[in-house]
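# Structural overview
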Amino acid sequence: MNQSERARRTGIAPRITCAVVVYPERIVPEDTPAGVVALHLKRYDFARRYCGGANVLDAGCGVGYGSAHLAEAAASVVGVDVSTEAIAYARAHYANPRTSFAVMDVTALEFPDESFDVVCSFETLEHVREPSQAVGEARRVLRAGGAYVVSTPRAERTCLSPDNPFHEVEYSPTDFAALLRERFESVELYGQRRLETRRHRLLRRLDVLGLRRRFALLRRASALTGSRPTTELTLGDIVIEPDALDDASEVVAVCR
């Protein structure tokens, strides 16, 4: 399948190059290396502990693979996304008696107040122009005692003009927590990172110019560092730990 056909079927824009960094817009498991899928699926796997027997909203569900993962524990899952193409793909591949999908803007959810026990929203807030409104909508549709499980890429400093052309904003952990505390009394932060050997961490810290990330010149060094290559990661190679934010690639929050 070429890029234009994939974009038509899934709502994925062809990869856009900013400088020399390549950013995929959406993850489609059948077209994506298993390790990259694992990095995204890990957050859904983390959220399942809150979803047992619950009515769950997956706000910003993309093509729906994460909604299906949540539905293995939940009573029901509704996945919503602004992309009609992504929702069409989700309905074709992941809809079942406990999982349904709808085209919807996460900043203007078309559900009554207190409709869900859990709202999940992973790697979504950085894409919307009014993230505070998206958080407010999540709060509105949650039932009393419900949980909002949400994540965003970790930035050293909050940036309103990120390199990633699909992002409107990228948050530092402190500012991400402040955004969530506008609507929620309790906000617990977790850091997601891949497991790495000491040699791997040293190489990353020495690579101050970011050549490994930008040019992929050093990625072949994984055989020397002893860490599994990104494309071959499994869920067991990734951890989400409370307050472990310094080395995190993403920040995950549980809000009540």
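Residues numbered from 1 in each chain as written. Predicted model: local features only at pLDDT ≥ 70, side-chain atom pairs only at ≥ 80, totals over all residues. Heavy atoms only, no water.

Secondary structure assignment for the protein yields nine helices and ten strands. Taken over 256 residues, the protein has a buried fraction of 50%. Of the contacts formed within the protein by residues at least 6 apart in sequence, a portion of 67% connects residues at least 24 apart. Accessible area for the protein stands at about 12600 Å²; split by element, carbon and sulfur atoms hold 50% of it. (Helix = DSSP H or I, 4+ residues; strand = E, 2+ residues; numbered from the N terminus. Buried < 20%, exposed > 50% of the residue type's maximum accessible area, 1.4 Å probe, protein only. Contact = heavy atoms within 4.5 Å. Areas by Shrake-Rupley, 256 points an atom, 1.4 Å probe, with all protein chains shown as cover.)

Any two side chains of opposite charge can pair, so long as their charged atoms come close to each other. For the structure shown, the criterion picks out eleven salt bridges. In this structure, R140 engages D113 in a salt bridge whose closest nitrogen and oxygen atoms are separated by 2.8 Å. Placement of the pair is R140 in helix α5 (residues 131-141) and D113 in the loop between β5 (99-103) and β6 (116-122), with a sequence separation of 27 residues. Classification of R140 by relative accessible area gives partly exposed; the value is 24%. Here R129 makes a salt bridge to E168, at a shortest N to O gap of 3.6 Å. One end of the pair, R129, is in the loop between β6 and α5; the other, E168, is in the loop between β7 (142-153) and α6 (173-181), with 39 residues separating them in the sequence. Given the relative accessible area of 34%, E168 is considered partly exposed. A network of salt bridges, in which partner residues are shared, links R43, E123 and E250. (Salt bridge = Lys/Arg side-chain N within 4 Å of Asp/Glu carboxyl O.)

Tallying each qualifying case throughout the model produces seven aromatic pairs. Consider the rings of F111 and F116, whose centres lie 5.0 Å apart with planes at 90 degrees: the pair is edge-to-face. Residue classification places F111 among the buried residues on the basis of a relative accessible area of 17%. Put simply, the rings of Y44, Y65 and F122 touch in pairs and so form one group of aromatic residues. (Phe/Tyr/Trp six-rings, centres within 6.5 Å; stacked < 30°, edge-to-face > 60°.)

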